[in-house]
Amino acid sequence: MQLLTLPPSPSLATSIRATAQVFEDPRSQALLAHLQQVAPSEASVLIIGETGTGKELVARHIHDLSGRRNGPFVAVNCGAFSESLVEAELFGHEKGAFTGALAAKAGWFEEANGGTLFLDEIGDLPLPIQVKLLRVLQEREVVRLGSRKSLPINVRVLAATNVQLEKAINAGHFREDLYYRLNVVSLRLHPLRDRPGDILPLARHFIRSYSERLGYGAVELSAGAQAKLVDYAWPGNIRELENVIHHSLLTCAAGVIHAQDLRLSNLRLERQHTPAGTGNTVEDLLQQAFSRLYEEQPGDLYEKVEQALLRSAYQFCHYNQVHTAQLLGLSRNVTRTRLIAIGELVVNKRRAEVPPALDSRVVRLSI
Ligand SMILES: Nc1ncnc2c1ncn2[C@@H]1O[C@H](COP(=O)(O)OP(=O)(O)O)[C@@H](O)[C@H]1O
Ligand SMILES: [Mg+2]
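Residues numbered from 1 in each chain as written. Chains lettered and ligands numbered in written order. Predicted model: local features only at pLDDT ≥ 70, side-chain atom pairs only at ≥ 80, totals over all residues. Heavy atoms only, no water.

The next point concerns the overall build of the chain. Counting secondary structure elements, the chain contains 18 helices and ten strands. Across the 367 residues in the chain, those meeting the buried criterion constitute 41%. Long-range contacts, defined as pairs at least 24 residues apart, comprise 72% of the intrachain contacts of the chain with a sequence gap of at least 6. Accessible area for the chain stands at about 20,200 Å²; split by element, carbon and sulfur atoms hold 54% of it. (Helix = DSSP H or I, 4+ residues; strand = E, 2+ residues; numbered from the N terminus. Buried < 20%, exposed > 50% of the residue type's maximum accessible area, 1.4 Å probe, protein only. Contact = heavy atoms within 4.5 Å. Areas by Shrake-Rupley, 256 points an atom, 1.4 Å probe, with all protein chains shown as cover.)

Below, the structure written as structure tokens:
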């Protein structure tokens, strides 16, 4: 199999190109079963997941299980190029097609002919290129920049995104027709924190691969180290776990990785946090929590945050409605209505059963 990665992904230099894969957690096993079902077909697959969840690995696996396994697998990061460059790279160009095009060059579609083209970060593709990509997929032929000749191509396209493309469509950043073309089948990779059964098997897998590469003997995980790995939230997912294990192997005492050898940091939070400045004010902490939620994109974010705020305030006020209303700066009525709506407050059953019309009549009569 010809392996081409354009551009060379920086992670490949340090990470092990997994040949053995870990799918231990029930969620991963379900994914694997689905993957095995769709791989032999020619269907386009949209792979959705946070960074580091294994999207590229899954794409390679699909290719390896398909009838195209003897053809090329070409992986491309759509977000890594400017608009004009991505166009030339995708579709190729003739000599002199633009300033600097000193020679003719085949594009990624041509490179992937007979095999699989993996378009990573598809959401980053500029709109005009999306139009062209759709045309290529529909017509199954590609025209190099500066050429008039169309070249037939036989390529299966797999695409990956770490964002919900539906949102990009609603915001007008992604074409709906292209979305449906790419999303014949979708595979959703859960974040590592949602498939905890994978954490230790993956850790052991990386320990084995890296100690082999470093020329070490067998290395164990202490009980404390295991607990620390399982308890951590892994914002950077499998890639972060791989880096943590690699690093711990370089620093641990012979044969055992202890808890203190595992350097876990919440890189994403730290990174986002830097521009905001100092650090630990309540606003900063809230901002961090929000940023985290934005990245997780739970969907009904507004509702979730409102509910969480109400619940915790209600609890803080020892389930006293009046105090909760004062604390939140809301009227008692509003507080009460919302607490009922989120199921924190059970309405008096008898009153609730009185139909509203009858209820008001009763009130009127009693006036
Ligand atoms: N199921 C798995 N088993 C073993 N290694 C994995 C698995 N999933 C991902 N990896 C490894 O984790 C790293 C990140 O995976 P990658 O596919 O690059 O993630 P993504 O494309 O979603 O950012 C890679 O080194 C990959 O080999
Ligand atoms: Mg990737």
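Of the residues in the chain, 85% reach a pLDDT of 70 or more, and the chain-wide mean stands at 84. Here residues 1–16 is modelled with pLDDT under 50, and outside its nearest four sequence neighbours on either side it reaches 37 contacts, counting other chains as well. Low pLDDT, under 50, characterises residues 349–367; the predicted model gives this stretch three contacts beyond four residues in sequence or across chains. (pLDDT = per-residue confidence, 0-100.)

Surveying the vicinity of ligand 1 reveals 19 residues, the closest of which are V22, G52, K55, R239 and E242. At 3.0 Å from an oxygen atom of ligand 1 is found a main-chain nitrogen or oxygen belonging to G54. In the model, an oxygen atom of ligand 1 is placed 2.6 Å from a nitrogen or oxygen of the E242 side chain. Calculation on ligand 1 without its partners gives an accessible area of 560 Å², and the protein chains cover 93% of this total. Of all the secondary-structure elements, those providing two or more residues to the shell around ligand 1 are α3 (55–64), α9 (199–214) and α11 (237–251). A class-by-class count of the residues in the shell around ligand 1 yields seven nonpolar, seven polar and five charged. Composition of the shell around ligand 1 by domain shows at least three residues from each of domain 1 (39–190) and domain 2 (197–272). (Near = heavy atom within 4 Å. Polar contact = N/O pair within 3.5 Å; in protein donor to acceptor, adjacent residues only side chain to side chain. Nonpolar A, V, L, I, M, F, W, Y, C, P; charged D, E, K, R; others polar. Domains from an automatic or database assignment.)

All right, on to the pairing of strand β7 (residues 156–161) then. With six of its six residues buried, β7 lies for the most part within the structure. Where burial is concerned, the two faces of β7 agree: the one with R156, L158 and A160 and the one with V157, A159 and T161 are both buried. Pairing between strand β2 (residues 45–48) and β7: four bridges, direction parallel. Across the sheet, V45 pairs through a bridge with L158, a residue of β7. In this sheet, β7 lies alongside strand β4 (residues 116–120) in parallel orientation, the contact comprising four bridges. In the sheet register, F118 faces β7, and the bridge partner there is L158. (Pairing = 2+ DSSP bridges.)

A few words now on the layout of surface pockets. A volume near 280 Å³ is recorded for the second largest pocket. Considering the residues around the second largest pocket, the lining is formed by 15 residues, among which E50, R188, L189, P191 and E296 are closest to the centre. Of the residues in the lining of the second largest pocket, the class split is four nonpolar, five polar and six charged. Of the domains in this structure, domain 1 (39–190) and domain 3 (293–366) are the two that each give at least three residues to the lining of the second largest pocket. (1 Å grid on protein atoms, 1.4 Å probe; cavity = no way out; pocket = protein on both sides within 12 Å on 5 of 7 lines; lining within 4 Å. Points joined across faces, edges and corners; volume = space filled by probe spheres on them.)

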